[in-house]
Amino acid sequence: MPVKRVRVGVIGLGTVAQIMHLPYLASLPELFEIAALSDVSPGLLAAMGEQYGVPADRRYADYRDLVTSDLDAVLVLSSGSHAPQILAALDAGRHVLVEKPLCFTLREADEIAAAVERTGRTVMVAYMKRFDPGYLHGQQLVDKLADPRYVQINTLHPSEDQYIDIHGVRRFGDVPTDVVAELDRAQEALLDEAVGPISDALRFVYFDVFLGSMVHDVNALRGLVGAPESVLFTEVWPIDSKTPSVTTMLKHEGELRTLYTWSYLAELRDYFEEIAVLSSAERVRIQFPSPFLKHWPTPVVYQRMESGAMLESRVQASYDEAFREELRAFHECVVDGRRPLTDVADARADIAILQQIMAALAPEGLGGEAAAGRAA
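A. A look at the sheet that holds strand 6 (residues 123–126). Read across the sheet, 6 strands follow the order 3-2-1-4-5-6 without closing on themselves; strand pairing throughout is parallel. Unpaired on one side and paired on the other, strand 3 (59–60) and strand 6 mark the two borders of the sheet. By the bridge criterion, 4 bridges tie strand 5 (residues 95–99) to strand 6 in an arrangement that is parallel. Its bridge partner lying in strand 6, E99 is registered against A126. Together, strand 1 (6–11), strand 4 (73–76), strand 5 and strand 6 form the strand contacts of helix 4 (residues 83–91), whose direction differs from that of strand 5 by roughly 170°. Most of the contacts of helix 10 (residues 322–336) go to strand 5, to which it runs at about 155°, and overall it touches strand 1, strand 2 (32–38), strand 4, strand 5 and strand 6.

B. Representation of the packing of aromatic side chains in the model. Per the stated rule, a full pass over the model turns up 5 aromatic pairs. Judged by centre distance (6.3 Å) and plane angle (25°), the rings of Y135 and F288 are stacked. Of this pair, Y135 sits in helix 6 (residues 133–143) while F288 sits in strand 12 (residues 282–288); the two residues are 153 residues apart in sequence, bridging distant segments of the chain. According to the relative accessible area criterion, Y135 is buried, its value standing at 0%. By relative accessible area, F288 is classed as buried at 5%. When the ring centre of F288 is taken as origin, the NZ or CZ atom of K129, which lies over that ring, is 5.2 Å away.

C. Region of the structure containing a negative patch on the surface. Where like charges cluster on the molecular surface, the negative patch consists of E160, D161, D165 and D208. Relative to the helices and strands, D165 resides in the loop between helix 7 (161–164) and helix 8 (177–195).

The rules behind each value
Residues numbered from 1 in each chain as written. Predicted model: local features only at pLDDT ≥ 70, side-chain atom pairs only at ≥ 80, totals over all residues. Heavy atoms only, no water. Pairing = 2+ DSSP bridges. Helix = DSSP H or I, 4+ residues; strand = E, 2+ residues; numbered from the N terminus. Contact = heavy atoms within 4.5 Å. Axes fitted to C-alpha atoms, helices over the stretch in contact; angles between N-to-C directions. Phe/Tyr/Trp six-rings, centres within 6.5 Å; stacked < 30°, edge-to-face > 60°. Buried < 20%, exposed > 50% of the residue type's maximum accessible area, 1.4 Å probe, protein only. Lys NZ or Arg CZ within 6 Å of the ring centre and 35° of its normal. Patch = residues over 30% accessible without salt bridge, like charges linked within 9 Å, V, L, I, M, F, W, Y side chains within 5 Å. Areas by Shrake-Rupley, 256 points an atom, 1.4 Å probe, with all protein chains shown as cover. Salt bridge = Lys/Arg side-chain N within 4 Å of Asp/Glu carboxyl O. Lys, Arg positive; Asp, Glu negative; His and termini not counted. Charge placed at Lys NZ, Arg CZ, Asp CG, Glu CD.

By themselves, these figures tell us nothing about what the structure is for.
What follows is the structure, given as structure tokens:
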């Protein structure tokens with residue numbers, strides 16, 4: 001029996017769409033047809049339509065027109081909170097693969113969960129690390145660890161432009177000013193709801209660093225050792241910077257703790273991201289490459305004692321690309337009705353943890369859901 005080809009529409013044609021999602025959709029023609037595109041930039045919409053052979057009458061400035069066209073599923077890859085696009089797609093009867101973050105607030109996540117229940121459609125969140133062959137190999141090793149005591153996460157994040165520029169990402173700077181203003185207004189309202197009137201720098205850190213990057217590590221951590229019970233402390237420095245360092249300590253059930261440092265170090269082009277799960281007798285280190293490099297393996301280092309000697313193995317499980325494997329998994333959800341590994345509940349839990357991390361910093365002006373969760 002031939003495999004069902006899923007007709008997809010893509011909302012948002014920016015960096016991650018151009019580097020990863022659109023090329024890998026096109027590389028899986030037996031699974032997907034790129035049937036419609038939407039973006040608020042007219043120039044970008046035209047350019048990507050020509051590049052991927054999408055007819056002019058299937059290119060939409062308004063995502064609401066796309067979701068009601070003849071599609072099976074929608075990829076939501078736009079910036080900001082994705083709740084409006086997801087809800088519109090679900091109400092139109094479409095399955096959804098959405099880039100992180102799912103949304104900015106717990107309230108939005110609950111609305112999306114209710115819409116999934118009401119419509120019977122799938123929402124899968126694009127945490128590509130959970131589909132990375134190296135991560136999956138490391139996960140198997142972590143599952144066998146006896147009494148893990150300490151998790152250490154380090155992310156050293158250089159300037160993204162050093163990676164993005166090699167891909168020739170197209171930008172046109174032609175988004176109408178009224179559209180930009182409305183998007184900014186909606187985002188500021190959601191930030192009020194999420195974290196309240198904290199400083200502009202910390203509001204930026206919440207949506208760009210926490211929800212834009214740290215969310216991946218929080219989700220990967222939960223996939224390895226489960227969710228933390230509480231946040232013991234958080235420090236952000238320099239406190240008034242939009243390119244800061246963040247350190248937080250998370251408490252898990254029993255004696256397990258996670259120490260997580262994310263640091264923006266712009267100039268040195270050496271992206272480093274490692275999740276290390278450590279016990280008294282064994283250590284598993286999962287080392288992720290830059291998310292802007294394709295088919296770059298994720299090495300796993302495993303250390304243990306054997307006959308009085310310390311042994312270390314370094315495994316490169318596969319050159320399969322996590323973004324591509326994620327698309328294969330989404331196809332199974334759409335065609336076979338499989339429940340997504342990374343669903344709305346999974347993403348909601350990440351947002352809740354990130355709000356707790358901000359609340360543990362206790363910045364002046366903290367409000368919204370983060371303050372309410374801290375009080376609870």
